[in-house]
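So you can see what is in the structure, the chains are spelled out below.
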Amino acid sequence: MRSRRERRGVKPVPDLTIDEDHRGQAVNRRRAATRLVGATSLAAARIATAPAGYLLAHRSSDIARHAALLAGLPLPGEVRVVVTPGQAPGVWHLDVASRDRPGLLAAFTGVFVDSGIDVVQGVVATWDDGAALEAFVVNSADAPDPHSLQKALEASLDAPLSSPPVADALVTFDDEASPLYTRGDIVAADRPGLLHALAVAIATAGADVHAARVTTTDGLACDHFDLSDPAGNKLDARLEESIRSAVLAGVNKPWPRPQPGSQRGRRALFGRRRNQIAVTQA
């Protein structure tokens, strides 16, 4: 007999990139969050189709809060921001809901750099209808102002992207680590705005980020990205070299963002993507 959720046409999205133990943990997290929002709510539909990697990175109460923020699909160009206190002074949960589009991580991290907000940890997930969630843990002496951030984040969506060179970066790629994506590893001395610089380089080169892990040990940042080309294929040698060049030389000229009517713009806003970006920084 089908469950009520299956009868409503909402089925959890399987994630073949995680092992069985982690898949079971994701199922349990999904069930607990659904109980908090109510099984028949719009938020429950978001939880049912959330990527497993996102579910594993959050507590059920966080997932319920995020799902409520995305219960209704944001309009194109709309950004929703919620700020809640973290578990320590100066630590805040910064949740951002929007439509998915190319360069989203690059645009939003640029706003954080300009606002003096230090990203400690974050997870970004997207849904098939174009919804995107950016859930960050940030350090800031004062609580980030959600109203001013909303305006700045919305403005950043169409602003030109640029980044300084990361001349000391070691950039390598591996096509065998994943059956779906090209793994890109970037090692460089840690510095303010490094994540933004790398995100800009990847976006302007023309690649999509499906997952990322950012760690810093003894002043050395070791950043891992799962990447594809705009069509969802693994990177070719040309695109890999474009990313490497953009990281090492920086991006100083305006990046022509895809228009809503273009092939990449349509796919980013409305296509099936199942993307997830998990960003952690120690």
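Whatever comes next refers back to the structure up there.
Definitions and cut-offs
- Throughout, residues of each chain are indexed from 1 in the direction in which the sequence is written.
- In keeping with the model being predicted, local features are shown solely for residues with a pLDDT of at least 70 and side-chain atom pairs are shown and tallied solely at 80 or more, while totals for entire chains, interfaces and linings include all residues.
- Side-chain numbers here rest on the full set of heavy atoms in the structure, without hydrogens or water.
- Buriedness of a pocket was judged along seven lines, with at least five required to meet protein on both sides within 12 Å; pockets are open sets of points on a 1 Å grid over the protein atoms alone, cavities are sets where a 1.4 Å probe fits but cannot get out, and lining residues have an atom within 4 Å of a point.
- Grid points are joined across faces, edges and corners, and a volume is the space filled by probe spheres set on the points.
- Secondary structure elements are defined from DSSP: runs of H or I of at least 4 residues count as helices, runs of E of at least 2 residues count as strands, and each element is numbered from the N terminus.
- Classes in brief: Ala, Val, Leu, Ile, Met, Phe, Trp, Tyr, Cys and Pro nonpolar; Asp, Glu, Lys and Arg charged; the others, Gly included, polar.
- Salt bridge criterion: a side-chain nitrogen from Lys or Arg within 4 Å of a carboxyl oxygen from Asp or Glu.
- We call a residue buried when its accessible area falls under 20% of the maximum for its residue type, exposed when it is over 50%, and partly exposed in between, using a 1.4 Å probe and counting protein chains only.
- In this analysis, rings of Phe, Tyr and Trp, with Trp reduced to its six-membered ring, are considered paired at centre separations within 6.5 Å, and the interplanar angle assigns stacked below 30 degrees, edge-to-face beyond 60, and tilted for intermediate values.
- Contact criterion: two residues are considered in contact whenever any of their non-hydrogen atoms come within 4.5 Å of each other.
- A strand pair is defined by DSSP finding two or more bridges across the two strands.
- Put simply, a nonpolar core is a bunch of buried Ala, Val, Leu, Ile, Met, Phe, Trp, Tyr and Cys residues held in one set by side-chain atoms that sit within 4.5 Å of each other.
- Expected helix span is taken as 1.5 Å per residue step, with the number of steps being one fewer than the number of residues.
- To obtain the arc, one takes the directions from the helix axis to the C-beta atoms.
- In this tally, Lys and Arg are treated as positive and Asp and Glu as negative; His is ignored, and so are the chain termini.

**Q** Is there a simple way to think about the layout of surface pockets in this case?
**A** Once rolled over the atoms, a probe with the size of a water molecule shows which space is left empty. Taken as a whole, the second largest pocket spans an internal volume of roughly 310 Å³. The set of elements that each furnish at least two residues to the lining of the second largest pocket consists of helix 6 (104-115), strand 3 (118-126), helix 8 (194-205) and strand 8 (220-228). Residues that form the lining of the second largest pocket fall into these classes: nine nonpolar, five polar and four charged.

**Q** Would you mind showing me how to read the pattern of salt bridges here?
**A** Between side chains of opposite charge, a pair can form as their charged atoms come close. The tally for this structure, following the rule as stated, stands at nine salt bridges. Across the pair aspartate 62 and arginine 59 runs a salt bridge, and its minimum N-O distance is 3.3 Å. Aspartate 62 gets classed as buried once you look at its relative accessible area, which sits at 5%. Between aspartate 62 and arginine 65 there is a salt bridge, with its nearest N and O atoms 3.0 Å apart. One end of the pair, aspartate 62, and the other, arginine 65, are both in helix 5 (residues 60-69), three residues apart, so they sit about a helical turn from each other.

**Q** Just to check I follow, could you spell out the packing of aromatic side chains for this structure?
**A** Aromatic ring pairs are described here by two measures, namely the spacing of the ring centres and the angle between the planes. Inspection of the entire model under this criterion finds two aromatic pairs. Ring centres 6.2 Å apart and planes at 70° place the aromatic pair tyrosine 54 and tryptophan 127 in the edge-to-face group. Note that tyrosine 54 is positioned in helix 4 (residues 52-56) and tryptophan 127 in the loop between strand 3 and strand 4 (131-139), a separation of 73 residues in sequence. For the pair tyrosine 54 and tryptophan 127, a shared accessibility class is recorded, and that class is buried. A centroid spacing of 5.1 Å and a plane angle of 80° characterise the contact between phenylalanine 112 and phenylalanine 136, whose relative ring orientation is edge-to-face.

**Q** Please clarify how the environment of tryptophan 127 should be interpreted in this entry.
**A** What makes tryptophan 127 buried here is its relative accessible area of 6%. C-alpha of tryptophan 127 to C-alpha of threonine 49: the two residues are 78 residues apart in sequence and 7.2 Å apart in space. Once you skip the residues sitting within four places of it in the chain, tryptophan 127 turns out to touch Arg46, Thr49, Ala50, Leu70 and Leu133.

**Q** I'm lost on the pairing of strand 4 in this one. Help?
**A** Within a regular strand, the side chains alternate between the two sheet faces. Taken across its nine residues, strand 4 has eight buried, putting it largely inside the fold. Looking at chain direction, strand 2 (residues 91-99) and strand 4 are connected through nine bridges and run antiparallel. When the sheet's bridge partners are listed, tryptophan 92 is paired in strand 4 with valine 138. In this sheet, strand 4 lies alongside strand 3 in antiparallel orientation, the contact comprising eight bridges. The residue of strand 4 that forms the bridge with glycine 122 is phenylalanine 136. Taken together, strand 3 and the strand that follows it, strand 4, pair antiparallel across an intervening segment of four residues, in which glycine 130 is found at a positive phi of about 100°.

**Q** Whenever I open this one, the nonpolar core confuses me. Can you help?
**A** Looking at soluble globular proteins, one finds that nonpolar side chains tend to be buried together. Ranked by size, the top nonpolar core spans 49 residues in total, and within it Ile243 and Val247 carry the most contacts. In this view, isoleucine 243 contacts Phe173, Ala201, Ile202, Ala205, Ala207, Leu227 and Leu235; residues no more than four positions away in its chain are not counted. Grouped together as the second largest cluster of nonpolar side chains are 19 residues, Ala33, Tyr54, Leu69 and Leu133 included.

**Q** I would appreciate a short explanation of helix 9 (residues 237-249) in the present structure.
**A** Quick reminder: α-helices carry 3.6 residues per turn. Residues three or four places apart thus point the same way. Across its 13 residues, helix 9 extends 18 Å between first and last C-alpha, which sits within 8% of the 18 Å expected from 1.5 Å per residue. Buried within helix 9 are the following residues: Leu239, Glu240, Ile243, Ala246 and Val247. The buried residues of helix 9 occupy an angular sector of 130° when projected down its axis, which confines them to one face. Exposed positions of helix 9 whose direction lies more than 90 degrees from the buried face are Ala237 and Arg238. On its buried face, helix 9 sits against strand 5 (170-174), strand 6 (182-189), helix 8 and strand 8. Immediately downstream of helix 9, the backbone of glycine 250 shows phi near 80°, a positive value.

**Q** Can you walk me through the side chain of glutamate 240 in this structure?
**A** Residue placement: glutamate 240 occurs in helix 9. Among buried charged residues, glutamate 240 stands out as having no salt bridge; its nearest opposite-charge side chain is arginine 244, 5.6 Å away. Ignoring sequence-local partners within four residues, the contact set of glutamate 240 consists of Phe173, Asp175, Thr182 and Leu235.

**Q** Would you explain empty space enclosed by the protein in this entry?
**A** Within the structure shown, the criterion is met by two cavities of 30 Å³ or more. For the second largest cavity, the calculated volume is near 40 Å³. Lining the second largest cavity, in full, are Arg46, Ile47, Ala50, Tyr54, Ile63, His66, Ala67, Leu70 and Trp127. Those elements that provide at least two residues to the lining of the second largest cavity are helix 3 (42-48) and helix 5.

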